[in-house]
Structures are given as structure tokens and as C-alpha cells.
Amino acid sequence: TMYFSAQNSQHPNNNQDIIMDKIKYLLILAAILLPLTLSAQTGLAVNRVFLAHVIPQKQMIEVKVKGRALSKYHLSFYHSVRFTATAQQKATIDALVATDRRYATGTEDRNKGHKTSTILTLPQRGKTNRFLCYITNRKGKLILTTLAYMEGSVANIDELRKLIE
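Residues take numbers from 1 onward in each chain, read along the sequence in its written order. With the structure being a predicted model, the display of local features is reserved for residues of pLDDT at least 70 and the display and counting of side-chain atom pairs for 80 or more, all residues being used for whole-chain, interface and lining totals. Excluding hydrogens and water, the side-chain figures rest on all heavy atoms present in the structure.

A. Representation of the sheet that holds strand β2 (residues 75-85). The six strands are arranged β1-β2-β6-β5-β4-β3 in an open sheet whose pairing can be described as antiparallel. Whereas interior strands pair on both sides, the edge strands pair on one side only; in this sheet they are β1 (61-66) and β3 (106-112). For this sheet, the mean angle separating the axes of adjacent strands, direction not counted, is 10 degrees. In what follows, a contact means two residues having at least one pair of non-hydrogen atoms within 4.5 Å. Axes here refer to lines fitted to C-alpha atoms; in helices the fit is confined to the stretch in contact. Angles between the N-to-C directions go from 0 to 180 degrees. The helix count covers DSSP runs of H or I at least four residues long, the strand count covers runs of E at least two residues long, and both are numbered beginning at the N terminus. Sitting on the sheet, helix α3 (residues 87-101) touches β2, β3, β4 (115-125), β5 (128-139) and β6 (142-152), and the angle it makes with β5 is about 155 degrees. Any two strands with at least two DSSP-identified bridges between them are counted as paired.

B. Looking closely at α3. Given the number of residues in a helix, its expected span is that number minus one, multiplied by 1.5 Å. For α3, spanning 15 residues, the distance from its first C-alpha to its last is 20 Å, which sits close to the expected 21 Å at 1.5 Å a residue. The buried label goes to any residue with under 20% of its type's maximum accessible area, the exposed label to any with over 50%, and the partly exposed label to all in between, with areas taken from a 1.4 Å probe on protein chains only. Within α3, burial applies to Gln89, Lys90, Ile93, Leu96, Val97 and Asp100. The buried residues of α3 all sit within an arc of 125 degrees when viewed along its axis, so they share a single face. Of the exposed residues in α3, those oriented more than 90 degrees away from the buried face are Ala87 and Gln88. Contacts made by the buried residues of α3 are with α2 (47-50), β2, β4, β5 and β6. The arc in question is formed by the directions pointing from the helix axis toward the C-beta atoms.

C. Up close: the side chain of Glu151. Note on placement: Glu151 falls in strand β6. Charge counting treats Lys and Arg as positive and Asp and Glu as negative, with His and both chain ends excluded. By convention in these notes, a salt bridge is any Lys or Arg side-chain nitrogen within 4 Å of a carboxyl oxygen on Asp or Glu. Despite its burial, Glu151 pairs with no opposite charge, the nearest such side chain being Arg125 at 4.0 Å. Any pair of N or O atoms that falls within 3.5 Å is considered a polar contact. Within protein, one atom must be able to donate a hydrogen and the other to accept it, and sequence-neighbouring residues count only if both atoms are side-chain atoms. A polar atom in the side chain of Glu151 sits 2.5 Å from the side chain of Tyr149.

D. The arrangement of the nonpolar core in detail. Residues Val46, Val49, Phe83, Leu132 and Leu147 are the most contacted members of the largest nonpolar core, which totals 23 residues. Residue assignment for this core shows that the elements contributing at least two residues are α2, β2, α3, β4, β5 and β6. Of all the elements, β2 adds the most residues to this core, at four residues. In this structure, Leu147 is in contact with Val46, Val49, Phe50, His79, Ser80, Val81, Val97, Leu132, Cys133 and Tyr134, ignoring residues within four places of it in sequence. Nonpolar core, defined: a set of buried Ala, Val, Leu, Ile, Met, Phe, Trp, Tyr and Cys residues in which side-chain atoms within 4.5 Å join the residues together. The next biggest cluster of nonpolar side chains, apart from the first, holds 10 residues, and it includes Leu70, Ile119, Phe131 and Ile157.

E. Representation of unusual backbone geometry within the structure. One non-glycine residue, Ala52, lies in the positive phi region at around 65 degrees. Along the chain, the position of Ala52 falls in the loop between α2 and β1. Of note, His74 is a non-glycine position whose phi angle comes to about 60 degrees, a positive value. Within the element layout of this structure, His74 appears in the loop between β1 and β2. Under the relative-accessibility criterion, His74 is labelled partly exposed at 36%.

F. Here's a closer look at the pairing of β6. β6 sits mainly inside the fold: eight of its 11 residues count as buried. Sheet topology places β2 next to β6; 10 bridges connect them, and they run antiparallel. Counted as the bridge partner of His79 is Tyr149 from β6. Bridge analysis of β5 against β6 gives 11 bridges, and the strand direction is antiparallel. Within β6, the position partnered with Lys139 by the bridge is Leu142. Between the end of β5 and the start of β6, which pair antiparallel, lie two residues, with Gly140 showing a positive phi angle near 70 degrees.

G. Molecular detail of the side chain of Thr136. The residue Thr136 is located in strand β5 in this model. A polar atom in the side chain of Thr136 sits 2.5 Å from the side chain of Thr116. When near neighbours in sequence (up to four residues on either side) are disregarded, Thr136 contacts Lys90, His114, Lys115, Thr116, Ile143, Leu144 and Thr145.

Encoded structure:
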């Protein structure tokens, strides 16, 4: 009968090495993927909002979705921020959206009471269609605001509206 010693003097270091390898892998993966997600709305004036230059990051609820979960909506990327804006912040965002509107290939504005929505069809990036939605809902002095950037194969604003309603 053979007996093997269960003691291995390198065992604790092996665990540390494995953990360090996993950390290195995650950092490399993050370094590769981060530019992909940041580049989606690069070049848009409203990118300042997504980068927390208008509203502090801790005051925003941010959602980023990429990949298969969006396929039924004919989208490949979705990035939104939701927050309560002051009148001054809203004025800044209005100006940024107005700047992006100048380059839009299509626009739709809707007003219903205290709710307003603007959807811009942005110039294509390659064969990818791009959209920007800006929604505000004024409740007293509070201005509930959502800004969403979307891209994918959805053809136009009407098709996008049907998919998200």
C-alpha cells in the first residue's frame, strides 16, 4: 500500500497565485472592455452627462446592457442614466441635447402635461443605427430625468417606440 503525504509546503502560495492570476485576468478583461462601453456615445454632447460631468455619479442610477438580452428589441447596446435634476442642470442637459439634435437625422418630440420626451435618430456608425432618448417629468421643483443611448438594427424611431412600449 502506498501513502501520500497531504502536506504540500506550496499549497498556501498556490491559492494566492490562483487568486492573483484571477485578479490579473479580470483587470486585463476590464481594460479591454471598458473602452468598448465608453466609446458608444463618444462624440455626442450628452456624453458629458453619461460621464457624470453634469450630475454627480452617486446621484444617478446607471444601466448598461450589451448583447443577447437586447436582441428581441433589435438592439446591441443600451446605456441609460436616471436622476433628479435641478432647473440649472436641466438647462445644461437641454443645451447638450440641442447640440446633438443639430446632427440628428430624425427627431420626435412629445409633450404630455409635465412629461416631455425627445428621441433623436443619430447618424449611423457603420451599419448600426443609433438613438438618444431624453425624458423629463416635472413634479413640483423636482425634475425626474432619464437619458438613454441605444444602438442596434432597429430601423427607426417608430419601430423603436413599438418595441419599448
